[in-house]
Amino acid sequence: MASSSLSGGVRVEVESELLEKKGSANVPEDSATTDIGIVSPRIIRQTTNMREPIEPRVRLAITLKYLATGDSYTSLQFFFKVSVTTIARIVPEVCACLIEVLGHHVKIPSTREDWLRVSNQFELKWNFPHAIGAIDGKHVRIQAPKNSGSEYFNYKHFYSVVLMAIVDADYNFLYADVGCPGRMSDGGAFQRNASYRIS
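Let us look at the structure shown here. (Residues numbered from 1 in each chain as written. Predicted model: local features only at pLDDT ≥ 70, side-chain atom pairs only at ≥ 80, totals over all residues. Heavy atoms only, no water.)

**Quick look at the packing of aromatic side chains**
- The full count for this structure, using the stated rule, is four aromatic pairs.
- Measuring from centroid to centroid gives 5.2 Å for Tyr 66 and Tyr 73, while their planes differ by 45°, and the two rings are tilted.
- Relative accessible area serves as the criterion here: at 27%, Tyr 66 is assigned to the partly exposed category.
- Taken together, a centroid distance of 6.2 Å and an interplanar angle of 65° make the contact between Trp 126 and Tyr 171 edge-to-face. Of this pair, Trp 126 sits in helix H6 (residues 112-126) while Tyr 171 sits in the loop between strand E4 (160-167) and strand E5 (173-181); the two residues are 45 residues apart in sequence, bridging distant segments of the chain.
- Classification of Tyr 171 by relative accessible area gives exposed; the value is 52%.
- The ring of Phe 79 has Lys 65 sitting right over it, with the charged end atom 4.5 Å from the ring centre.
- Positioned over the ring face of Phe 158 is Arg 141, at 4.0 Å from the centre of the ring. (Phe/Tyr/Trp six-rings, centres within 6.5 Å; stacked < 30°, edge-to-face > 60°. Buried < 20%, exposed > 50% of the residue type's maximum accessible area, 1.4 Å probe, protein only. Helix = DSSP H or I, 4+ residues; strand = E, 2+ residues; numbered from the N terminus. Lys NZ or Arg CZ within 6 Å of the ring centre and 35° of its normal.)

**A look at helix H5 (residues 84-102)**
- For H5, with 19 residues, the first-to-last C-alpha span of 26 Å sits near the 27 Å given by 1.5 Å per residue.
- Among all positions in H5, only Thr 86, Ile 87, Ile 90, Val 91, Val 94, Cys 95, Cys 97, Leu 98, Val 101 and Leu 102 are buried. Burial along H5 is one-sided: seen end-on, the buried residues are contained in an arc of 165°. Along H5, exposed side chains directed more than 90 degrees from the buried face belong to Thr 85, Ile 99 and Glu 100.
- In the core, the buried residues of H5 are packed alongside helix H2 (40-43), helix H3 (56-69) and helix H4 (73-80). (Expected span 1.5 Å × (residues − 1). Arc of directions from axis to C-beta. Contact = heavy atoms within 4.5 Å.)

**Re the pairing of E4**
- The buried count for E4 comes to seven of eight residues, which makes it a mostly enclosed element.
- Summarising the sheet, strand E3 (residues 134-141) and E4 pair through eight bridges and their orientation is antiparallel. The residue of E4 that forms the bridge with Val 140 is Val 161.
- The pairing of E4 with E5 spans seven bridges and is classified as antiparallel. Note that in E5 the partner of Ala 165 across the bridge is Ala 176.
- Between E4 and the antiparallel strand that follows it, E5, lie five residues; Tyr 171 among them carries a positive phi value of about 70°. (Pairing = 2+ DSSP bridges.)

**Brief notes about unusual backbone geometry**
- Notably, His 130 is not glycine yet its phi reads approximately 65°, a positive angle.
- Relative to the helices and strands, His 130 resides in the loop between H6 and E3.
- Of note in this structure, Tyr 171 is not a glycine but carries a positive phi near 70°.

**Digging into the side chain of Ser 148**
- With respect to the secondary-structure elements, Ser 148 resides in the loop between E3 and E4.
- Judged by its relative accessible area of 16%, Ser 148 falls in the buried class.
- Side-chain polar atoms of Ser 148 contact the backbone oxygen of Pro 145, separated by 2.8 Å. (Polar contact = N/O pair within 3.5 Å; in protein donor to acceptor, adjacent residues only side chain to side chain.)

Don't take any of this as a statement about function, it's just geometry.
So, in structure tokens, the structure goes:
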């Protein structure tokens, strides 16, 4: 099972079979997700006379696959057998829900003791002293915004925004930021985000 952990013990697990199983919109009950209970009530939709709603575990699986792989909505359409327009509604809705429900679990340490605890974990677990986080940036491909010129055009020769994240020794997110224009380097994106001010 592939697992993504957020600080505070909230886990969202997606079985690798789900991500590899092509051509099926049926997400197995036991492999869809764990701990979906906190998200499910907010993403469930009402049954109508016209149709059955897409189950919360499928809505979450669509969103997680989109976020994990960067696949296009068209690609996801064939994977989950859900229309592109429906996927285009599902992904932003579920992302907003995840931020609302889980956002408070992603928080940067605010006291000296919190930072020392993070540093001690790096030393104990990885034998890497004086580290207060592992940081990396990722260029997320986008369609060029109108009238943006080369603002979002990166060194890899495509348009993007920068996703910057800091994790602790257990891979729990301490900080995440998305939205710096792609032309910025990791260092430039780091200087613009909130974590730079506390360093």
